[in-house]
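Survey of secondary and tertiary structure
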Amino acid sequence: MKKIVLSVFAIVFTGLVFAQKYNGKNQSTPWQRLNDEYCSGLFRSYDGTIIDLTNNNESSLSYRNILNWLEGRVAGLQVYYTWDRTPVPFIRNTRASIFVDEIPVSANFLNDLSVADIAMIKIIKEPFVGAVGNGGGGVIAIYTLKGDDEEEGVAA
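Residues numbered from 1 in each chain as written. Predicted model: local features only at pLDDT ≥ 70, side-chain atom pairs only at ≥ 80, totals over all residues. Heavy atoms only, no water.

Before going further, it helps to spend a moment on the overall build of the protein chain. Looking only at helices and strands, one finds four helices and eight strands in the protein chain. Order of helices (α) and strands (β) in the protein chain, N terminus to C terminus: α-α-α-β-α-β-β-β-β-β-β-β. A fraction of 61% describes how many contacts in the protein chain between residues 6 or more apart in sequence connect residues 24 or more apart. Total accessible area on the protein chain is roughly 10,300 Å²; 55% of this is exposed by carbon and sulfur atoms. (Helix = DSSP H or I, 4+ residues; strand = E, 2+ residues; numbered from the N terminus. Contact = heavy atoms within 4.5 Å. Areas by Shrake-Rupley, 256 points an atom, 1.4 Å probe, with all protein chains shown as cover.)

Take the nonpolar core next. Among the nonpolar cores identified, the biggest contains 22 residues, and Ile66, Leu70, Ile121, Ile140 and Ile142 are the most heavily contacted of them. Secondary structure elements with two or more residues in this core: α4 (66-70), β2 (77-81), β5 (97-100), β7 (118-124) and β8 (139-144). A per-element tally of this core places α4 first, with four residues. For Leu70, the residues in contact, after removing those within four places along its chain, are Ile51, Leu77, Ile121, Ile123 and Ile140. (Core = buried A, V, L, I, M, F, W, Y, C linked by side-chain atoms within 4.5 Å. Buried < 20%, exposed > 50% of the residue type's maximum accessible area, 1.4 Å probe, protein only.)

Time to look at the pairing of β5. Judged by which residues are buried, β5 turns out to be covered on both faces: Ser97 and Phe99 on one side and Ile98 and Val100 on the other are all buried. Examined bridge by bridge, β5 and β8 share four bridges and lie parallel to one another. The partner of Ser97 across the bridge, within β8, is Val139. By the bridge criterion, three bridges tie β5 to strand β6 (residues 103-105) in an arrangement that is antiparallel. Looking at the pairing, Ile98 lines up with Val105 of β6. Between β5 and β6, which follow one another and run antiparallel, lie two residues, and Asp101 among them has a positive phi close to 55°. (Pairing = 2+ DSSP bridges.)

Strands sit in the order β2-β3-β4 across an open sheet of three strands; the sheet is antiparallel. Lying at the two open borders of the sheet, with one neighbouring strand each, are β2 and β4 (94-95). Examined bridge by bridge, strand β3 (residues 87-91) and β4 share two bridges and lie antiparallel to one another. Pairing of Phe90 across the sheet is with Arg95, part of β4.

A positive phi angle, near 55°, is found at Arg92, a position not held by glycine. With respect to the element layout, Arg92 can be found in the loop between β3 and β4. Judged by relative accessible area, which is 55%, Arg92 ranks as exposed. Not every positive phi belongs to a glycine, and Glu102 is a case in point at roughly 65°. Within the fold, Glu102 resides in the loop between β5 and β6.

Below is the structure:
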């Protein structure tokens, strides 16, 4: 009797220890899904702070320039202004490169970019190989909404 109880216990215990449930889906966070959806190439492989504006966009809509909204929300980011009031981002006291949809742009370009059109922002604080010249200060990568991301019923 003792052998039967021990063998049943051993079978049940090994079944519990080695049984794992795998449903075939990779469990990823919402930030990883955004990174996979919008980023490509070098931008996907670098770790950075990802800010989702598709779901939490209410507070950013009142700002004319996205850099003004980011200031104070990202650690190490400071925004200085030139004589013509163009915001210039600095990450850890080094000028940061700005990319919109992975294309390098000047800080002046962000004055014309509507905050409502931005889906995600990725801030890379370490030196970035993909930036020409001043990539040592990090990167602010801004991704705009795709055509299928826009809400239905909104006329373009």
